[in-house]
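Coordinate analysis (summary)
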Amino acid sequence: MSTPRVAAVHDLSGFGRCSLSIVMPTLSAMGVQCCPLPTAFLSTHTGGFTGNTFLDLTNQMAPVTDHWHREGVTFDAVYTGFMGSREQMTLTADFIKTFKTEQNLIVIDPVMGDHGKPYRTYTPEMCASMGALAAHADVLTPNRTETAILLGVPYEELRLDREEDARKWAMELSRSGSRSVVLTGVSMEPDTVGAVCYDRDAGEIAFVSAKRIDEQFHGTGDLFASVLTGALVRGWKLRDAAQLAADFVSLAAAHTAAQDIPKREGVDFEPLLWRLGQKLAD
Ligand code: PXL
């Protein structure tokens, strides 16, 4: 198999693991070439720090798209995450339209918030634009908060602790089965957490779960979606890719919890990447 290639449209935050500082090493460890299109450079992520710098790279997005297109570059997947503005979402949609083929995968992680609240930089208008960007997804990977925002349902009403509810929300997100969905934060038992997966191609719903780690760390959503994307371009089925992602996030969260490092530094996953590589080599 030739090395799969993924275009990653995310921000780059220098300190506090998230977005490209997770996406790039994770895909590399999975034997996947990652081509980053950084949307902004921040000194830190926006949670747990104050006064972060923000270098907007929006004006680079169209020239980079055009240059890659002129050079005839192709991608096995386009994988998008955190966005800094509505304009970036429009430019990301243009990027997707430029590089979409019959065979490749558009994975959209509609990063907007967590624990029932949007991140502090996300305005209601940006959340609406994320819905429009999500229309391009072959695979959509929201958490519970993002699902509530995308579907316009109050967070408290969007329960994910009963199989029939989780199925219902996954199907609603799939837009009548037209896109695959991996909805994270599904927990039917107190000591496990995982995802409900709707596979558009197989027409199937599956549940995956792994051991719940009680502490929450920055970057676990980015880590989940990165592992999922890497496994999908390596040819894994959606439910197997989601199980690998759930297991790896659980392992990394357990490892982080045992380190006693500040939560805002994010999930301490680097020492475990060799295990991910090993799983893909099996
Ligand atoms: O992990 C999501 C994320 C990505 N990028 C930036 C963020 C966050 C979450 O806070 O602030 C800049």
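Residues numbered from 1 in each chain as written. Predicted model: local features only at pLDDT ≥ 70, side-chain atom pairs only at ≥ 80, totals over all residues. Heavy atoms only, no water.

1. Side note on the sheet that holds strand β9 (residues 180-186)
- Reading across from one edge, β3-β2-β1-β4-β5-β8-β9-β10-β11 is the order of the 9 strands in this open sheet, with mixed pairing throughout. Both outer strands of the open sheet, β3 (54-56) and β11 (204-211), are each paired with one neighbouring strand and no more.
- Strand direction decides the pairing type here: strand β5 (residues 105-108) and strand β8 (residues 139-140), joined by 2 bridges, are parallel. Bridged to Ile 108 within β8 is Leu 140.
- On top of the sheet, helix α1 (residues 20-29) reaches β1 (5-15), β2 (33-44) and β4 (77-80); it is set at about 135° to β1, its chief contact. (Pairing = 2+ DSSP bridges. Helix = DSSP H or I, 4+ residues; strand = E, 2+ residues; numbered from the N terminus. Contact = heavy atoms within 4.5 Å. Axes fitted to C-alpha atoms, helices over the stretch in contact; angles between N-to-C directions.)

2. Quick word on the pattern of salt bridges
- Enumeration over the complete set of coordinates arrives at 11 salt bridges.
- With a closest N to O distance of 3.2 Å, Asp 268 and Arg 17 form a salt bridge. In this pair, Asp 268 sits in the loop between α8 (238-257) and α9 (273-281) while Arg 17 sits in the loop between β1 and α1, placing the two residues 251 residues apart along the sequence.
- Note on Arg 17: relative accessible area 18%, which makes it buried. (Salt bridge = Lys/Arg side-chain N within 4 Å of Asp/Glu carboxyl O. Buried < 20%, exposed > 50% of the residue type's maximum accessible area, 1.4 Å probe, protein only.)

3. Considerations on the site of the ligand
- All residues adjacent to the ligand are Asp 11, Ser 13, Cys 18, Ser 19, Leu 42, His 45, Thr 46, Phe 82, Val 111, Tyr 119 and Asp 222.
- Contact between the ligand and Asp 11: a nitrogen atom at 2.8 Å from a side-chain N or O atom of the residue.
- A distance of 2.7 Å separates an oxygen atom of the ligand from a polar side-chain atom of Asp 222.
- Alone, the ligand offers 310 Å² of accessible surface; in the complex the protein occludes 97% of this.
- Residue composition of the shell around the ligand, grouped by class: 5 nonpolar, 4 polar and 2 charged. (Near = heavy atom within 4 Å. Polar contact = N/O pair within 3.5 Å; in protein donor to acceptor, adjacent residues only side chain to side chain. Areas by Shrake-Rupley, 256 points an atom, 1.4 Å probe, with all protein chains shown as cover. Nonpolar A, V, L, I, M, F, W, Y, C, P; charged D, E, K, R; others polar.)

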